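Structural overview for review
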Amino acid sequence: MYAKTPLLVAATLVLPFASALPLEDSTKPACRYLPVDAGWPSPRQWSAFNQSISGRLIVGKPLAESCHGDSFAASTCAPIREQYNLTDPYFPDPVNVMSPLFLRDSCSPYTDPSAPCTLGNLASYAVNVSRAEDVKAAVKFVKEKNIRLTIKNTGHDYLGRSTGKGSLALWTHNLKEISFTNYTSPQYTGPAIKIGAGVQAFEAYGAAYERGFRLTGGYCPTVGLAGGWVSGGGTGALASLYGLGADNTLEFEVVTTEGKQLVTSPTKNSDLFWALNGGGGGTYAVVISQTIKLHADGPVAGAELSFSNTGDDKAYWAAVEAWQKQLLVFDTIRGLNTFWGFTDKLFELYFSTLPDAEEAAIAAAFSPFIDTLKKLGVKYTYRTTSNPTYYEHFAQYTPGLPYGEYTTNNLLGGRLISRSAVRDNLPKLMAAFRNITTKNPTHPFRVNGIANNVTHARVGNTPSSNSVLPQWRDSLYWLNMDVYFDLDGPISVVDNLQKELNVNQDMLKALTPGGGSYVNEATYDNPAWKVDYWGANYAKLLAVKQKYDPSFSLYGPASVGSDHWKSDAEGRLCKA
Ligand SMILES: Cc1cc2nc3c(=O)[nH]c(=O)nc-3n(C[C@H](O)[C@H](O)[C@H](O)COP(=O)(O)OP(=O)(O)OC[C@H]3O[C@@H](n4cnc5c(N)ncnc54)[C@H](O)[C@@H]3O)c2cc1C
Ligand SMILES: *[C@@H]1O[C@H](CO)[C@@H](O)[C@H](O)[C@H]1NC(C)=O
Ligand SMILES: *[C@@H]1O[C@H](CO)[C@@H](O)[C@H](O)[C@H]1NC(C)=O
Ligand SMILES: *[C@@H]1O[C@H](CO)[C@@H](O)[C@H](O)[C@H]1NC(C)=O
Ligand SMILES: *[C@@H]1O[C@H](CO)[C@@H](O)[C@H](O)[C@H]1NC(C)=O
Ligand SMILES: *[C@@H]1O[C@H](CO)[C@@H](O)[C@H](O)[C@H]1NC(C)=O
Ligand SMILES: *[C@@H]1O[C@H](CO)[C@@H](O)[C@H](O)[C@H]1NC(C)=O
């Protein structure tokens, strides 16, 4: 049985010889409690905590609970089964997250009703956060009671950063306030939107659109802007004009794990502001709200294109290669952004965005590539569009709004592809793409790219403005690979595909020496996470974490400072 109150006596003996260790390390249990541990708070203690937060405590339950055991109810289970690979059931739920790797099969809607249904990696309780005071009470409670803390916004995160076994989750989804201001600071004077930490992209886009504005955000309409998206950097269709999400923050309101409520901006608590913009979600403090630059709306030109491999392998891959070269030209066109993907059978430009331009301008930009396709004899479909505003453009290319049709039965991994890799090493890159897309015919991997110029020259800031991985500024595009599978299959399929994904991620790494990855769409189990995801910023980010979260209460896989912890065999978070 696990030792619940380890080494209290030993600690006093050891202390004089271990003066380098902080006092709290030797007097507190080495592991956070799980519900099975004797140290876990009693029902009365949970109830008292619930009262202290006005009854906002929720018991964590697996989405598919009604598919099993005593809770079985066919009418509730059936819709869960149908929606289990959509984002829809996850983001409005206090503890369930989208990643099949972290959900595992602890409570699958596809197994027999007699199969076990447990919480697995999900949080045990959640606080339905409505104000900063709820967060202050929760961080105090988890410290006093030695409970693991997590922050769950939408649950999109594929690295498992928004979930944790036996944790108390701060569920920020209902922080939905949106307001508009004319913002004034030494760095920026102009329109701004202030959003609560639970606001999702589709809500912010819609609100800005109604006022004649637009803002940077992701492609997936249900991702939360102020949570994981911006703190990982945040890419989307307007990045080639306005920069990444992190380039557009004016300030954050936060609560620290020390219970302090702070405003952070380039002039207030600026080290924390720097870290929150690029240094990773769920690591430094709990964001309550974010204030973001708005931009005047106006016409947006668009394009979509696809071509398939109809048997002439040589022509198909020549066209994919020509696309890579074309991106070097697109890079120089202000505002032009492309989001595309291919397998060994089909290339699709899902959508291209050229803000503040007429259709003729995007057609002119694409015409050399269309000529190339004609020369290669590759059959294609192609169309350009024009919309009076950004949200209308977005809607044109994002079916199924407001939530869109993104599915969750996949894995993600990737690498930032530098301009020099495409310019100087294209044959090797193409060989890797062919390898990645062809070697597993049962579960073919797809290669996707989001190409935008986010150099400091384009974005209008400096290297010290935020903690976005510097390599991103030199990259031609963010490459992510994904692979789909059926959620009703064995979890071993997912684990094996994850291994293959890492092999692929390493293959691309070998072709981009000194490069890096976009943490939000990379893998959680990359041993080189420090250098690949945080690079030259790591030491400074760690110092910010030590300053604002000295107890390291905030933890997430591949997050700055996460090597302070490791999981034991039962999934307890223990001091490493
Ligand atoms: C289907 C899909 C589509 C995607 N599309 C895009 C895209 O177009 N562009 C893009 O850049 N990325 C995209 N992503 C990646 C996305 O940016 C990350 O998954 C991101 O972490 C999601 O942030 P969240 O707050 O919505 O999600 P969550 O999973 O709830 O949170 C993610 C991380 O942020 C932390 N966090 C959340 N809220 C707070 C808070 N208030 N304070 C402090 N920390 C917080 C969590 O603890 C966790 O570490 C996509 C992912 C998926 C699954
Ligand atoms: C917290 O209190 C509210 C209101 O009394 C109650 O509805 C809710 O079930 C309680 N939560 C837990 C986890 O007991
Ligand atoms: C998602 O699940 C539905 C029903 O369970 C299925 O029909 C569909 O093919 C799945 N989508 C993907 C992309 O696997
Ligand atoms: C969470 O709180 C909001 C109000 O802030 C309320 O509308 C909602 O019903 C609560 N959700 C749950 C699951 O308790
Ligand atoms: C910002 O200033 C403009 C121009 O003076 C004004 O029309 C607008 O109402 C102001 N917006 C807000 C939110 O105060
Ligand atoms: C992919 O690359 C690996 C490692 O170099 C090699 O073993 C494998 O045969 C390649 N497969 C294909 C289909 O190219
Ligand atoms: C990126 O954009 C900047 C500013 O528009 C431009 O000067 C530069 O040439 C573009 N491309 C590269 C590779 O920096």
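Residues numbered from 1 in each chain as written. Chains lettered and ligands numbered in written order. Predicted model: local features only at pLDDT ≥ 70, side-chain atom pairs only at ≥ 80, totals over all residues. Heavy atoms only, no water.

1. As for the domain arrangement of the protein chain
Under the convention used in this document: Marked domain ranges trace back to an automatic or database domain assignment. Whether two residues are in contact is decided by their heavy atoms, any of which lying within 4.5 Å being enough. Buried area counts how much accessible surface, traced with a 1.4 Å probe, disappears from two parts once they are put together, with both parts' losses summed.
Partitioning the protein chain into structural domains gives domain 1 (43-171), domain 2 (178-297) and domain 3 (299-387). Centre-to-centre separation of domain 2 and domain 3, based on C-alpha positions: 31 Å. In this assembly, 9 residues from domain 2 lie in contact with 12 residues from domain 3. In this assembly, domain 2 packs against domain 3 so that about 820 Å² is buried in total across both faces, 54% of it on carbon and sulfur atoms. Sorting the residues of domain 2 by area buried against domain 3 places Tyr-219, Ser-240 and Leu-241 first, and these three jointly supply 59% of that buried surface.

2. Describing the packing of helix H11 (residues 313-330) against helix H15 (residues 426-438)
Basically, it comes down to this: Helix axes are fitted only over the stretch in contact, all axes being lines through C-alpha atoms; the angle between N-to-C directions runs from 0 to 180 degrees. Helix numbers and strand numbers start at the N terminus; a helix is a DSSP run of H or I with at least 4 residues, a strand a run of E with at least 2. For classification, angles of less than 35 degrees are called roughly parallel, those exceeding 145 degrees roughly antiparallel, those between 65 and 115 degrees roughly perpendicular, and all remaining angles oblique. Two helices cross in a left-handed way if the nearer one is turned anticlockwise from the farther one by less than a right angle. They cross in a right-handed way if the turn is clockwise. Just so you know the grouping, Ala, Val, Leu, Ile, Met, Phe, Trp, Tyr, Cys and Pro go in nonpolar, Asp, Glu, Lys and Arg go in charged, and all remaining residues, Gly too, go in polar.
Two numbers describe how H11 lies on H15: the axes approach to 11 Å, and their chain directions differ by 125 degrees. If you check the angle between H11 and H15, you find them oblique. At the point where H11 passes H15, the crossing takes the right-handed sense. On H15, the residues that touch Asp-313, Trp-317, Val-320, Glu-321, Gln-324 and Lys-325 of H11 are Leu-426, Met-430, Phe-433, Arg-434 and Thr-437. Residue classes in the contact of H11 with H15 are distributed as 5 nonpolar, 2 polar and 4 charged.

3. A short note on the packing of aromatic side chains
Definition in use: Two rings from Phe, Tyr or Trp (for Trp, the six-membered ring) form a pair when their centres are within 6.5 Å of each other. A pair whose planes differ by under 30 degrees is stacked, one over 60 is edge-to-face, and the rest are tilted. Here the term buried applies to any residue with accessible area under 20% of the maximum for its type, exposed to any over 50%, and partly exposed to those in between, with areas from a 1.4 Å probe on protein chains only.
Inspection of the entire model under this criterion finds 41 aromatic pairs. Centroid distance Tyr-205 to Tyr-390: 5.9 Å. Interplanar angle 90 degrees. Geometry classified as edge-to-face. Placement of the pair is Tyr-205 in helix H7 (residues 201-210) and Tyr-390 in helix H13 (residues 390-397), with a sequence separation of 185 residues. Across the pair, Tyr-390 and Tyr-205 agree in class, each one buried. A centroid spacing of 5.1 Å and a plane angle of 85 degrees characterise the contact between Tyr-219 and Phe-351, whose relative ring orientation is edge-to-face. Within this pair, whereas Tyr-219 is found in the loop between strand S7 (213-214) and helix H8 (225-232), its partner Phe-351 is found in strand S14 (residues 346-355), the two being separated by 132 residues in sequence.

4. Description of the site of ligand 6
Formally: One heavy atom suffices: a residue is near a molecule or strand as soon as one of its heavy atoms comes within 4 Å of it. Here, Shrake-Rupley sampling with a 1.4 Å probe gives the accessible areas, and only protein chains in the shown set may cover a residue.
Around ligand 6, the neighbouring residues are Asn-435, Thr-438 and Lys-439. Relative to its unbound accessible area of 360 Å², ligand 6 is 31% covered by the protein chains.

5. Regarding the nonpolar core
In plain terms, the rule: By convention a nonpolar core is built from buried Ala, Val, Leu, Ile, Met, Phe, Trp, Tyr and Cys residues, the set being connected through side-chain atoms within 4.5 Å.
Core analysis: the largest hydrophobic core is formed by 90 residues, its most contacted members being Phe-49, Val-127, Leu-168, Leu-170, Leu-215 and Leu-272. At 6 residues, the largest contribution of residues to this core is made by helix H6 (residues 132-145). Sequence-distant contacts of Leu-170, defined by excluding residues within four places in its chain, comprise Val-127, Val-129, Val-135, Ala-138, Leu-149, Thr-150, Ile-151, Lys-152 and Val-286. In this structure, Val-320, Trp-323, Ala-365 and Ala-451 belong to the second largest nonpolar core, which totals 54 residues.

6. What to know about the packing of H7 against H13
Their axes nearest at 9 Å, the elements H7 and H13 cross at an angle of 140 degrees. One finds that H7 runs oblique with respect to H13. Residues Phe-202, Tyr-205, Gly-206 and Tyr-209 of H7 lie in contact with H13, whose contacting residues are Tyr-391, Glu-392 and Phe-394.

7. A word on the side chain of Asp-344
Here is the rule we go by: Polar contact criterion, stated in full: a pair of N or O atoms within 3.5 Å, where within protein one must be able to donate a hydrogen and the other to accept it, and residues adjacent in sequence count only if both atoms are side-chain atoms.
Secondary-structure assignment places Asp-344 in the loop between strand S13 (337-342) and S14. A polar contact of 3.4 Å, which involves the side chain of Asp-344, links it to the side chain of Lys-345. Sequence-distant contacts of Asp-344, defined by excluding residues within four places in its chain, comprise Asn-309, Tyr-316, Trp-317, Thr-437 and Thr-438.

8. A closer look at the confidence of the model for the protein chain
Detail in the predicted coordinates should be disregarded across regions flagged by low pLDDT. Stated precisely, the cut-off is as follows: Confidence of the predictor at the level of single residues is captured by pLDDT, which takes values from 0 to 100.
Across the protein chain, the average pLDDT comes to 95, with 95% of residues at 70 or higher. Counting interchain partners and residues more than four positions distant, the pLDDT-below-50 stretch residues 1-24 has 18 contacts.

9. Describing the site of ligand 4
If you check the shell around ligand 4, you find Arg-56, Ile-58, Asn-128 and Asn-174 and nothing else. Here an oxygen atom of ligand 4 sits 2.9 Å away from a polar atom, N or O, in the side chain of Arg-56. At 2.4 Å from an oxygen atom of ligand 4 is found a side-chain nitrogen or oxygen belonging to Asn-128. Against a free-state accessible area of 360 Å², the protein chains account for coverage of 42% of ligand 4. Residue composition of the shell around ligand 4, by class: 1 nonpolar, 2 polar and 1 charged.

10. Regarding the sheet that holds strand S8 (residues 249-255)
We apply this condition: In this scheme, strands are said to pair when DSSP sees at least two bridges between them.
Taken in spatial order, the 5 strands make up an open sheet running S5-S6-S10-S8-S9, and their pairing is antiparallel. A strand with exactly one partner marks an edge of an open sheet, and here the two such strands are strand S5 (178-184) and strand S9 (261-264). Ignoring which end each strand starts from, the neighbouring axes of this sheet average 20 degrees apart. Sheet topology note: the strand S6 (residues 189-196)/strand S10 (residues 286-293) ladder contains 5 bridges and is antiparallel. Residue pairing in the sheet places Gly-196 in a bridge with Ser-289 of S10. Contacting S5 and S6, H7 crosses the sheet at an angle of about 65 degrees to S5. Helix-sheet contacts for H8 involve S6, S8 and S10, and the interaxial angle to S10 is about 70 degrees.

11. Comments concerning H6
Just so we agree on the cut-off: What a helix should span is 1.5 Å times the count of its residues minus one.
Between its first and last C-alpha atoms H6 spans 20 Å; for 14 residues at 1.5 Å apiece the expected length is 20 Å, and the two agree. Taken together, the buried positions of H6 are Ala-132, Asp-134, Val-135, Ala-138, Val-139, Phe-141 and Val-142.

12. Points about the pattern of salt bridges
The cut-off we apply is this: Salt bridges are defined as contacts in which a side-chain nitrogen from Lys or Arg sits within 4 Å of a carboxyl oxygen from Asp or Glu.
Considering all chains together, one arrives at 25 salt bridges under this definition. Taking the shortest distance from any N to any O, the salt bridge between Arg-104 and Asp-495 comes out at 2.7 Å. One end of the pair, Arg-104, is in the loop between helix H5 (100-103) and strand S2 (125-128); the other, Asp-495, is in helix H17 (residues 491-510), with 391 residues separating them in the sequence. Exposure remark for Arg-104: the relative accessible area of 33% places this residue in the partly exposed category.

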